[in-house]
Amino acid sequence: RSKAKGGNSCSFYDPKLQTLLENQAELETDIVRAIINNEFCAYFQPQISMQGKLVGAEALIRWLHPTKGLITPNQFIPIAEQYGLIQKLQTIVLRNICSLVNQLDAKNMIDEQFSVSINISQRQFNSTELKNELCTTINEFNISPAQIKLEITETMLSGDINSTIKQMAELKAQGFVFSIDDFGTGYSCLAHLNAFPVQEIKIDKSFIDKILDKGKGFNIVNTIISLGKSLDITVVAEGVEQQEQFDMLNILDADYVQGYLIAKPMDATNYLTWHAQHIKKESLIA
Ligand code: C2E
Ligand code: MG
Ligand code: MG
Ligand code: MG
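Residues numbered from 1 in each chain as written. Chains lettered and ligands numbered in written order. Predicted model: local features only at pLDDT ≥ 70, side-chain atom pairs only at ≥ 80, totals over all residues. Heavy atoms only, no water.

The protein chain has the name Bifunctional diguanylate cyclase/phosphodiesterase in an unreviewed UniProt entry, where Pseudoalteromonas espejiana is given as its organism.

S.K.: Looking at this structure, I do not really get the pairing of strand E6 (residues 177–183). What am I missing?
M.R.: Within a regular strand, side chains alternate between the sheet's two faces. Most of E6 sits out of view: six of its seven residues are buried. Taking the sense of rotation as the criterion, the β-α-β connection linking strand E5 (residues 148–153), helix H7 (residues 161–173) and E6 turns out right-handed. Across three bridges, the pairing between E6 and strand E7 (residues 200–203) is parallel. Paired with Phe 183 across the strands is Ile 203, a residue of E7. (Buried < 20%, exposed > 50% of the residue type's maximum accessible area, 1.4 Å probe, protein only. Helix = DSSP H or I, 4+ residues; strand = E, 2+ residues; numbered from the N terminus. Right-handed = clockwise from strand over helix to strand, strands pointing away. Pairing = 2+ DSSP bridges.)

S.K.: Would you mind going over the site of ligand 1 with me for this structure?
M.R.: Neighbouring residues of ligand 1: 23 residues in total, closest Arg 62, Asn 119, Asp 181, Glu 241 and Tyr 260. Contacts to ligand 1 include Glu 58, whose side-chain N or O atom sits 3.1 Å from an oxygen atom. Arg 62 is positioned with one of its side-chain polar atoms (N or O) 2.8 Å from an oxygen atom of ligand 1. For ligand 1, whose free accessible area comes to 800 Å², the fraction covered by protein is 83%. Counting atoms within 2 Å of the grid points, the majority share of ligand 1 lands in the largest pocket. (Near = heavy atom within 4 Å. Polar contact = N/O pair within 3.5 Å; in protein donor to acceptor, adjacent residues only side chain to side chain. Areas by Shrake-Rupley, 256 points an atom, 1.4 Å probe, with all protein chains shown as cover. 1 Å grid on protein atoms, 1.4 Å probe; cavity = no way out; pocket = protein on both sides within 12 Å on 5 of 7 lines; lining within 4 Å. Sits in = over half its atoms within 2 Å of the grid points.)

S.K.: So what exactly am I meant to see when it comes to the coordination of the magnesium ion (ligand 2) here?
M.R.: Coordination of the magnesium ion (ligand 2) by the protein comes from Glu 58 (OE), Asn 119 (OD1), Glu 151 (OE) and Asp 181 (OD), over a distance range of 2.0 to 2.2 Å. All donor residues of the magnesium ion (ligand 2) come from one chain, and their arrangement in sequence is E-x60-N-x31-E-x29-D. A residue is classified by how much of its surface remains accessible, and Asp 181, at 7% relative accessible area, is buried. (Donors = N, O, S within 2.8 Å, 3.2 Å for Na, K, Ca; no water.)

S.K.: Looking at this structure, how should I read the pairing of strand E8 (residues 234–238)?
M.R.: Buried residues dominate E8, accounting for four of its five residues. As judged from the four bridges shared by E7 and E8, these two strands associate in the parallel manner. Bridging across to E8, Ile 201 finds its partner in Val 235. Pairing between E8 and strand E9 (residues 256–258): three bridges, direction parallel. When the bridges of E9 are listed, Val 236 appears paired with Tyr 256. As for the winding sense of the linkage, the β-α-β connection from E8 through helix H10 (residues 243–251) to E9 is right-handed.

S.K.: Help me out: how do you make sense of the packing of helix H4 (residues 86–106) against helix H11 (residues 268–285) in this one?
M.R.: Between two packed helices, what matters for the description is the angle formed by their axes and the separation of those axes. The N-to-C vectors of H4 and H11 enclose an angle of 30°; their axes lie 11 Å apart at closest approach. Between H4 and H11, the crossing angle belongs to the class labelled roughly parallel. Crossing hand, H4 versus H11: right-handed. Here Leu 100, Gln 103 and Leu 104 of H4 lie close against H11, whose contacting residues are Ala 268, Tyr 271, Leu 272 and His 275. (Axes fitted to C-alpha atoms, helices over the stretch in contact; angles between N-to-C directions. Parallel < 35°, antiparallel > 145°, perpendicular 65-115°, else oblique. Left-handed = near helix turned anticlockwise from the far one by under 90°. Contact = heavy atoms within 4.5 Å.)

S.K.: What's the story with the packing of helix H6 (residues 129–141) against H7 in this structure? I'm lost.
M.R.: As a packed pair, H6 and H7 sit with axes 10 Å apart at the nearest point and diverge in direction by 15°. It follows that H6 is roughly parallel to H7 by the angle criterion. The crossing of H6 and H7 is right-handed. Contacts from Leu 130, Lys 131 and Leu 134 in H6 reach Gln 167, Glu 170 and Leu 171 in H7.

S.K.: How do you make sense of the layout of surface pockets when you look at a structure like this?
M.R.: Unoccupied space between atoms shows up once a probe the size of one water molecule is rolled over them. Estimates place the volume of the largest pocket at around 1200 Å³. Lining the largest pocket are 41 residues, with Glu 58, Leu 60, Pro 73, Asn 74 and Asn 119 positioned closest to its centre. Elements with a minimum of two residues in the lining of the largest pocket: strand E1 (40–49), strand E2 (54–65), helix H3 (77–82), H4, strand E4 (115–119), helix H5 (122–126), E5 and E6. Counting residues per element, the lining of the largest pocket draws most heavily on E2, which supplies five residues. As a volume, the second largest pocket reaches approximately 210 Å³. Lining the second largest pocket are Val 55, Glu 112, Gln 113, Ser 115, Ala 146, Lys 149, Val 177, Gln 199, Glu 200, Thr 234 and Tyr 256. Looking at the lining of the second largest pocket residue by residue, the classes come out as four nonpolar, four polar and three charged. (Points joined across faces, edges and corners; volume = space filled by probe spheres on them. Nonpolar A, V, L, I, M, F, W, Y, C, P; charged D, E, K, R; others polar.)

The structure is reproduced here in structure tokens:
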């Protein structure tokens, strides 16, 4: 039928699209099944200051699939968002975070400055339920809101600025803090950053990858760090893999680093062990 109309400009049946849609639908069904079977959990990746102090961790969702093994978020977060399943996943991650913070606190392994970041997707950020869920969960686990850092992406700042500021201000009033993820990759007006109640920005890995080539990467990182200094916002470098990158970030006066050089994301048990060992080393140095 479409041939008669000439070319593929008006095809009713596209086998590739059909396969894509079927795969997505299968993945959706599998995510629903996996939620019921408790296959999702948060991994934790430490963040340290340039002086080596453990300052926080980022929670990163993982899918421990019974046959496919460990699946990373880029392979399922977009589908979960599209099919309205992201809320359920966020709840799992949030509860994992609160449980970890509660344990660290009970063991006297953290101070008030230590916080764990949670990645908030656009849809969740827009939801009126976010504040409620955050408050209810931290109360249940008896932890302070300042120990939860909400990571939103730079792109999310470029929407309706007034409603974004309102939502952020309400959460800030509750005591939660904000970090801007993937900083430098969006097209938002960086000069307007101070319009938002932001405590931290995270320089995207793509710039850290190029920090040692004297060129664009270096200049962008340098500019972001200066911007952070001038606005009194903490600057975190993510995806730091090499000592030379760390040394350069130290020269440029970044605040915190996160990356494989320090540690890969770990499950809660391994994270607790890592955390305990790290603070023991800190106390030996101090
Ligand atoms: P992101 O928030 O920018 O997270 C940083 C990503 O870089 C993570 O990938 C982390 O494992 C990876 N990474 C950290 N250090 C290094 C390094 O030194 N080298 C390399 N090659 N990679 C490093 P991951 O865990 O696969 O997460 C990918 C993205 O998925 C995240 O990017 C975030 O946008 C999203 N995501 C992760 N967890 C959640 C979640 O619970 N909820 C939502 N909505 N999104 C999530
Ligand atoms: Mg993040
Ligand atoms: Mg990031
Ligand atoms: Mg990133």
